Amino acid sequence: MALLAVLGIAGCASTIQQSEARGEPALTPAALARADSGRPPYTPADVAFMQGMIAHHAQAVVMAGLVPTRGARGDVRVLAERIDVAQRDEIAFMQRWLRERGQTVPDPDAHHDMAGHAMPMHGAIMPGMLSPEQLAQLQAAAGAEFDRLFLTFMIQHHEGALTMVEELFASPGAGQDVNVFRFASDVTADQVTEIERMRTMLPASSSADRP
Amino acid sequence: MTSESSPQRTDARWSATRAPSSLALSLALLATAACASSSATGSSPGAAPSPAGASASMSASAPSPDPRVGLRAGWYDAGEAIWNLRLVSATRPSAAFSNPSTPGDSRLTNTDLAFSGNYVFQGNYSGYQVWDIANPSKPTLRTAFVCPGSQSDVTVYKNLLFVSAEATNGRTDCGLEGVTDTVSHDRARGIRIFDITDVAKPKPIITVQTCRGSHTNTLVTDPKDPANVYIYVSGSAGVRSPSELPGCSDGQPDENPNTALFRIEVIKVPVAHPEQARIVSSPRIFDDLSAPARHAETAADVQAAAARAAASGRAPRRAPAGPRSGPTQCHDITSYPAIGLAGGACAGYGLLLDIRDVANPVRIGAVADSNFSFWHSATFSNDGSKVLFSDEWGGGTQPRCRVTDKPEWGANAIFTLVDNKMEFQSYYKMPAAQTAEENCVAHNGSLIPIPGRDVMVQAWYQGGISVFDWTDPKHPVEIAYFDRGPMDASQPVSGGSWSAYWYNGVIVSSEIARGLDIFELTPSAFLSRNELDAAKTVHFDHFNPQEQPRMVWPASFSMARAFVDQLERSKGLASARIAAVRQALTGAERASGTARQGALTQLAAQLEGEASGAGDAAKVRMLAGAVKELAAQR
């Protein structure tokens, strides 16, 4: 250790610092990255979150996929296009995260029943996901009724994603991997914003509107 | 460059027990090589090789096809495209913050920048680094401070450094091991304050804990109150438990008036007693936020909205009903104390805040935009007549500059600002299509002090950096750029420019994975040598890009000539007059004393007289004003 100190000073003017309050030794971030090969510790809750959210996102993609053929309003079409791009990209991110950690990677296209209903890994329905009946109702709708249902159901769907993030952070040790923290935080930030936007897009007399 | 494969450390408490035993050996080899691994790049590919810009491109059109498309992938050996810029240096992260075997490791992400004197403070997901850029071609590391807590947004004021901590893994003692308990007093989420009187040895003073942590922070100074500075805290992550920080709770305001949602926090910092820093207000700047008029919707959408309102028998809604609507937080706030305003980028809204009562900002305007996803940050034009908001669609981790991604998505929106009313004018997005492997979206930038123009440099992650002119708010034009190929050709690996800012004559870019890049603008058809020289007359002692300073140009021949160049470019003055004015300026500069004063006074009077008949009367008057200021110089 004395050698290190000497080298640190003699080698260059820079020093690596950490809080004086710290009473125990620590690695540098780079050394930590080498020690765990760039894979920060994660928990089963992190894995379950990623797997569940893939199925969750997959249903949003299915819902958005209905929009072009249901006579939807222009602003609903733009919203759906944005949701489609965003959630597909995020599915790819989650799949990569799972793959890199040797975890089971759900195929978002492989878990649809006949109604296009995304079935997650363990058969459980993630919060906010549309029931088969709701999805059938949306598929059968058109025009203004479709717009109303799409927005109402997507708000429900997005609110479920927020619940999933809350549950993740309520789990001890979860979200310590900054990849998970940042992704989950982005999900919340994006979907809170989209929920708010969808509320303003809803017809004034709709069910989500309580004057 | 020598690869960096070992940390080096003066901390005697450092332990090798958790590290490979070869560490000490490789350390001995690398102690000198690893500390300042900058490479001065006198002639980067495609760059104007001469600092004088003698062979710079004077073509009035951008290279075509765009050389940013199809660049070779690589970490430190990626292909580069550069136009009207010169890469002065590219400095790799310090050994503490770089691991060659884990490219794109999120924990080693370089983030935002703050500036003081010759120092650049560079945030990192694992702490921050301080660079001395007195010699921009060879930045030297002064400190690599280890302290994880997610993006570590940095702000500097005199001897104080403020660092944002947001993630649940941040510790009050700056340890690397995280905090696995869901409730823990070891967790740091808020603003860490350091004494940087000795930048080589920052001393932690206090962590001001907040309910949602700090994603970004904004310094606000009060011209009437020099004894204190204020920090506006924006936090987008979840609210923590009251067991961890008393008083914290979430929920809807009608159910819980004390909810930590739907507000920002204001921390007051006594400059002489920073240890007494505390939250002094939690302004609810979103209250009663009505859905503002959106633009960019089709005529059919507007009609449909009117029809919906009519059918419901009432006017278009003010606040949408149902659970409380509107943003719960801001992502970032840019203060502009000199004009008493701040721009808040808050979820789906761009807000205008009156900050004259610093501790109690008041919302005075709001805009929304159908094409915007997540409002990220704001930049005012120097005269406060315009404001530019950026949309960080995808949060910066997603590839949103593919050929399939719309130019108005993940872009900037430019608004004019008249009587505190924001009017949409146009979008600007870095125009070169990027690959699906490159995270790319609008991100942090700052103004470049070109007198008479609104020019800005902006980071676009792996879309590189883009310099553009938004003087005409309806027609922003790119005038310079730099881009590297993707980190990896076959998979998305995080990298690119997090922030790119002008600071006292150079552009400094924080490269997420590659370190610190410094650039010089080179003269081109879009930017003259005189304009650049005039830009370099503006000097700041410190610079926090989210605390926008007013740029003031001292009288100089460069500034007068810059205006002449602009008039020539815009054909705003007859070419014979352009030549005559240049000649008069040259003559005056050679003269001295009363002869110079007389010549300049005469020229200023001539220009004032001919302004109204010129093609660009306003610019001719600016020129006349600049000449008059020169005449007044003693």
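Residues numbered from 1 in each chain as written. Chains lettered and ligands numbered in written order. Predicted model: local features only at pLDDT ≥ 70, side-chain atom pairs only at ≥ 80, totals over all residues.

### Description of the overall build of chain B
- Tallying secondary structure elements over chain B gives 7 helices and 32 strands in all.
- In chain B, buried positions account for 57% of the 634 residues.
- A separation of at least 24 residues holds for 60% of the contacts in chain B among residues at least 6 apart in sequence. (Helix = DSSP H or I, 4+ residues; strand = E, 2+ residues; numbered from the N terminus. Buried ≥ 20, exposed ≤ 12 C-beta atoms within 10 Å, placed from the backbone. Contact = placed C-beta atoms within 7 Å.)

### Digging into the overall build of chain A
- Across its full length, chain A holds 7 helices and 1 strand.
- When the elements of chain A are put in sequence order from the N terminus, they spell out α-β-α-α-α-α-α-α.
- Buried residues in chain A amount to 53% of all 211 residues.
- Summarising the internal contacts of chain A: among those between residues at least 6 apart in sequence, 73% fall at separations of at least 24.

### Comments concerning the pairing of strand 12 (residues 216–221) of chain B
Residue and element names in this part refer to chain B.
- The buried fraction of strand 12 amounts to 5 of the 6 residues, a majority that puts the element mostly inside the structure.
- Pairing of strand 12 with strand 13 (residues 228–234), which is carried by 6 bridges, proceeds in the antiparallel orientation. Note that in strand 13 the partner of threonine 218 across the bridge is tyrosine 232.
- Connecting strand 12 to the next strand, strand 13, in antiparallel fashion are 6 residues. (Pairing = 2+ DSSP bridges.)

### Some thoughts on the pairing of strand 23 (residues 412–418) of chain B
Residue and element names in this part refer to chain B.
- Strand 23 sits mainly inside the fold: 5 of its 7 residues count as buried.
- Where strand 22 (residues 386–391) lies against strand 23, 5 bridges are found, and the strand directions are antiparallel. Of the residues in strand 23, the one forming a bridge with valine 387 is phenylalanine 415.
- Sheet analysis places strand 23 next to strand 24 (residues 421–428), joined by 7 bridges and oriented antiparallel. Each bridged residue has a counterpart across the sheet, and for threonine 416 the counterpart in strand 24 is glutamate 423.
- Where strand 23 hands over to strand 24, the hairpin turn is made up of 2 residues, of which aspartate 419 adopts a positive phi near 50°.

### What about the environment of Ser499(B)?
Residues and elements named next belong to chain B.
- Within the element layout of this structure, serine 499 appears in strand 29 (residues 497–503).
- Classification of serine 499 by C-beta neighbours within 10 Å gives buried; the count is 26.
- Setting aside residues no more than four positions away along its own chain, serine 499 makes contact with Asp112, Leu113, His443, Asn444, Ala459, Ser509 and Ser510.

### Details of the packing of helix 6 (residues 143–169) of chain A against helix 7 (residues 178–201) of chain A
Residues and elements named next belong to chain A.
- The interhelical angle for the contact between helix 6 and helix 7, taken along N-to-C directions, is 155°, at an axis separation of 9 Å. Considering the angle they form, helix 6 stands roughly antiparallel to helix 7. The handedness of the crossing between helix 6 and helix 7 is left-handed. Along the contact surface, helix 6 presents Leu151, Met154, Ile155, His158, Glu159, Ala161, Leu162, Val165 and Leu168, while helix 7 presents Ala184, Val187, Thr188, Gln191, Val192, Glu194, Ile195, Met198, Arg199 and Met201.
- In the contact of helix 6 with helix 7, the residues fall into 13 nonpolar, 3 polar and 3 charged. (Axes fitted to C-alpha atoms, helices over the stretch in contact; angles between N-to-C directions. Parallel < 35°, antiparallel > 145°, perpendicular 65-115°, else oblique. Left-handed = near helix turned anticlockwise from the far one by under 90°. Nonpolar A, V, L, I, M, F, W, Y, C, P; charged D, E, K, R; others polar.)

### Overview of the packing of helix 6 (residues 593–611) of chain B against helix 7 (residues 617–632) of chain B
Residues and elements named next belong to chain B.
- Where helix 6 contacts helix 7, the two axes come as close as 8 Å, and the packing angle between them is 165°. By the criterion of interaxial angle, the relationship of helix 6 to helix 7 is roughly antiparallel. Note that helix 6 runs across helix 7; the crossing there is left-handed. Of helix 7, the residues touching helix 6 (which contributes Gln597, Leu600, Thr601, Leu603, Ala604, Leu607, Glu608, Glu610 and Ala611) are Ala617, Val620, Arg621, Leu623, Ala624, Val627, Lys628, Leu630 and Ala631.

### Overview of unusual backbone geometry
Residue and element names in this part refer to chain B.
- Proline 65 follows serine 64 through a cis peptide bond whose omega is -5°.
- Examined against the element boundaries, proline 65 turns out to sit in the loop between strand 1 (38–40) and strand 2 (80–83).
- Despite not being glycine, serine 152 shows a phi value in the positive range, around 50°.
- Here serine 152 lies in the loop between strand 7 (140–146) and strand 8 (154–157).
- Judged by the 28 C-beta atoms lying within 10 Å of it, serine 152 falls in the buried class.
- The backbone of alanine 347 shows a phi angle near 50°, a positive value even though the residue is not glycine.
- Inspection of the secondary structure assignment puts alanine 347 in the loop between strand 18 (341–346) and strand 19 (349–354).

### Here we look at helix 7 of chain A
- With 24 residues, helix 7 of chain A extends 34 Å from end C-alpha to end C-alpha; this agrees with the ideal 34 Å at 1.5 Å per step.
- Extensive coverage of helix 7 of chain A is indicated by the burial of 24 of its 24 residues. (Expected span 1.5 Å × (residues − 1).)

### As for the nonpolar core
- Phe150(A), Phe121(B), Leu623(B) and Val627(B) are the most contacted members of the largest nonpolar core, which has 230 residues in total.
- Apart from the residues within four sequence positions on either side, Phe150(A) is in contact with Met63(A), Val67(A), Ala72(A), Val76(A) and Leu138(A). (Core = buried A, V, L, I, M, F, W, Y, C linked by C-beta atoms within 7 Å.)

### Some details on the sheet that holds strand 14 (residues 265–270) of chain B
Residues and elements named next belong to chain B.
- Taking strand neighbours across the sheet as the criterion, the 4 strands line up as 12-13-14-15 in an open arrangement whose pairing is antiparallel. Looking at which strands have only one partner, the edges of the open sheet turn out to be strand 12 and strand 15 (278–281). Pairs of neighbouring strands in the sheet enclose a mean axial angle of 35°, with direction left out of account.

### Considerations on the sheet that holds strand 24 of chain B
Residue and element names in this part refer to chain B.
- Within the open sheet, the 4 strands sit side by side as 21-22-23-24. Their pairing is antiparallel. Looking at which strands have only one partner, the edges of the open sheet turn out to be strand 21 (375–380) and strand 24. Pairwise comparison of adjacent strand axes, ignoring direction, gives a mean angle of 25° for this sheet.

### Structural notes on the confidence of the model for chain B
All names here are of chain B.
- Taken as a whole, chain B shows an average pLDDT of 88; of its residues, 85% reach a score of 70 or greater.
- This stretch, residues 42–56, has a pLDDT under 50; its non-local contacts, to residues over four places away or in other chains, come to 25 contacts.
- Between residues 312–322, whose pLDDT stays under 50, and residues either more than four places distant or in other chains, the model counts 22 contacts.
- As a predicted assembly, this complex carries a pTM of 0.89 together with an ipTM value of 0.85. (pLDDT = per-residue confidence, 0-100.)

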